[in-house]
Amino acid sequence: MSDTFLPVVAGHAEDGRVAPPSTPRNVPYQNGAPNPSAEALRAQFADAVQRVDVVWGETTVFVDRARVLEIVRWLHDDPTQQYDYLSDVTAVEYRDLDRPIEVVWHLRSLPHRRFLRLKTLLPKGQPLAVPSVWDVYKGADWLERECYDMFGIRFEGHPDLRRLLMWEQYKEGYPLRKDFPLRGRFSRSEQLRQILAQNPEAKYSMEELTVLEAFDELSLEQRNRLRSGEKVGE
Amino acid sequence: MGLDTRRVETGVDVSPSSSESWVTTRLDFLVNWGRANSLWPMPFGTACCAIEFMATAASKFDLARFGMERMSFSPRQADVLICAGRVPFKLAPVIRRIWQQMPQPKWCISMGACASSGGMFDNYAVVQGIDTIIPVDVYVPGCPPRPEGLMYGIMMLQEKVKKERMADKSLRNEMEPDPQSQLYIPPSLIDEVSEPFGNAVHQTRSGL
């Protein structure tokens, strides 16, 4: 092991000010001690922080939709925060149709041993769009794609916003929305007909198969098949 | 293990009074005996049924006793497709392609409730029984089936193989899907068997 290898010990930036991990007991339902980052956020982004909730000891900060990326970038970069791990990006839709859809970011700071939940509200009847945090956390790529796939929320600035779980030509809508019927919108035979018309190998691009790089080494027959537009090798 | 050790009745009539020729029936018997006892499975495990399938293949239950110890991870060398677990719609064209890549003679075992009927996953994402995509020979019920259950299904399949006759060309007929619908069976039938409990009611019964 090289000398430069430094094991990351959670909470090392706190210099012993944070208690070692233990099972929390007697956690109040509400009005517990908030995450110190919530107060820092209020100080830094006074006009963007809408509300701070503490439920079962976990802090939720409701922020302005337009300034999510700015806030997340500050939480990631600021030496007093160092939220270096994005554990989840997801959304919540409530059965009450008047309540807005919430987009949720779960942020974790390993150096400070903190957990912070950011939320932003997307009212119904407006385009569902929030800024992508892919610029800060590359791991947000698939999380945001899944959220787009399931809820139809557009993440502006995402480099490759396609469906992740459902196939890309899926036409029935966004499955986790409350107005989506459990069995889908089409009949079973129509669902089967559409999916069986898909080519199971079509999602591999030529770049992924690295055929283009090796084009000169291909046989004449293979080259002719590629020239004629064949997308799969069988 | 409680397995039935009685002599299995073969479907091929080898009695001297049979109208078919002695050579054909003897040849049928020999070929079927060979095929039934050396089925190479193509494991298509997608869920918890695959765990039970692995247990079946492992030492305690020992699938090798049935000549099936050689898992064929290429469909082109496989005889029997064992679909263990739920099949989401996204996998439907994949399992169809695998089935089409398998050479004749080929059989299919649908292992577990999900593969046979969609099981508890009566939702937008799961195929309601793989028999809406590919023909199935043996359905093994259970959630997941115990290894004994799968072995019983395999023995049922072996009995079915032993009753096949080479003269019956219809067994090897590969049904071509309708290019318009991409389906083997008519859409109306798919909608019917995809109703809740539909597949359990309408499932075809084997002659065993």
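One can find the structure itself at the top, above this paragraph.
Everything in this summary refers to the structure shown in the same document.

About the cut-offs
Residues numbered from 1 in each chain as written. Chains lettered and ligands numbered in written order. Predicted model: local features only at pLDDT ≥ 70, side-chain atom pairs only at ≥ 80, totals over all residues. Heavy atoms only, no water. Salt bridge = Lys/Arg side-chain N within 4 Å of Asp/Glu carboxyl O. Helix = DSSP H or I, 4+ residues; strand = E, 2+ residues; numbered from the N terminus. Buried < 20%, exposed > 50% of the residue type's maximum accessible area, 1.4 Å probe, protein only. Contact = heavy atoms within 4.5 Å. Buried area = accessible area lost by both parts, 1.4 Å probe. Pairing = 2+ DSSP bridges. Axes fitted to C-alpha atoms, helices over the stretch in contact; angles between N-to-C directions. Right-handed = clockwise from strand over helix to strand, strands pointing away.

So, the pattern of salt bridges
In total, this model carries 17 salt bridges over all chains according to the counting rule given. Measuring nitrogen to oxygen at the nearest pair gives 3.2 Å for the salt bridge that ties A:Glu93 to A:Lys124. With A:Glu93 in the loop between strand 3 (85–92) and strand 4 (101–109) and A:Lys124 in the loop between strand 5 (114–122) and strand 6 (129–131), this pair connects stretches of sequence that are 31 residues apart. Judged by its relative accessible area of 28%, A:Lys124 falls in the partly exposed class. The partner of B:Glu148 in a salt bridge is B:Arg146, with the nearest N and O atoms 3.1 Å apart. Connected through salt bridges with shared partners, the residues A:Asp47, A:Arg67 and A:Glu70 form a single ionic network.

Digging into helix 3 (residues 92–101) of chain B
In terms of burial, helix 3 of chain B is a largely internal element, 8 of the 10 residues being buried. Of the positions making up helix 3 of chain B, those classed as buried are B:Ala92, B:Pro93, B:Ile95, B:Arg96, B:Arg97, B:Ile98, B:Trp99 and B:Gln101.

A look at the interface of chain B and chain A
With 26 residues of chain B in contact, the opposing surface of chain A contributes 25 residues. Taken over both partners, the interface formed by chain B and chain A buries close to 2100 Å², and the fraction arising from carbon and sulfur atoms is 64%. It is B:Phe89, B:Lys90 and B:Tyr124 in chain B that bury the most area against chain A; as a group they hold 35% of the surface buried on that side. Our enumeration of links across chain B and chain A arrives at 2 salt bridges. Residue B:Asp122 pairs with A:Arg183 through a salt bridge whose shortest N-O separation is 2.8 Å.

A closer look at the sheet that holds strand 2 (residues 80–84) of chain B
All names here are of chain B. Here 4 strands make up an open sheet; going across it, the order is 1-2-3-4 and the pairing parallel. The open sheet is flanked by strand 1 (41–45) and strand 4 (138–140), the only strands paired with a single partner. When strand polarity is set aside, the average angle formed by the axes of neighbouring strands in this sheet is 15°. As defined by bridge partners, strand 3 (residues 107–111) adjoins strand 4 across 3 bridges and the pair is classed as parallel. If you follow Ile-109 over to strand 4, its bridge partner there is Val-138.

Here's the deal with the pairing of strand 3 of chain B
All names here are of chain B. Among the 5 residues that make up strand 3, 5 are buried, leaving the element largely enclosed by the rest of the structure. The alternating pattern of strand 3 places Trp-107, Ile-109 and Met-111 on one face and Cys-108 and Ser-110 on the opposite face, and all of these are buried. Both strand 2 and strand 3 contribute to a ladder of 5 bridges, which runs parallel. By the bridge assignment, Leu-81 is partnered in strand 3 with Cys-108. In this fold, the crossover linking strand 2 to strand 3 by way of helix 3 has right-handed handedness. As a crossover connection, the stretch from strand 3 through helix 4 (residues 112–117) into strand 4 is right-handed.

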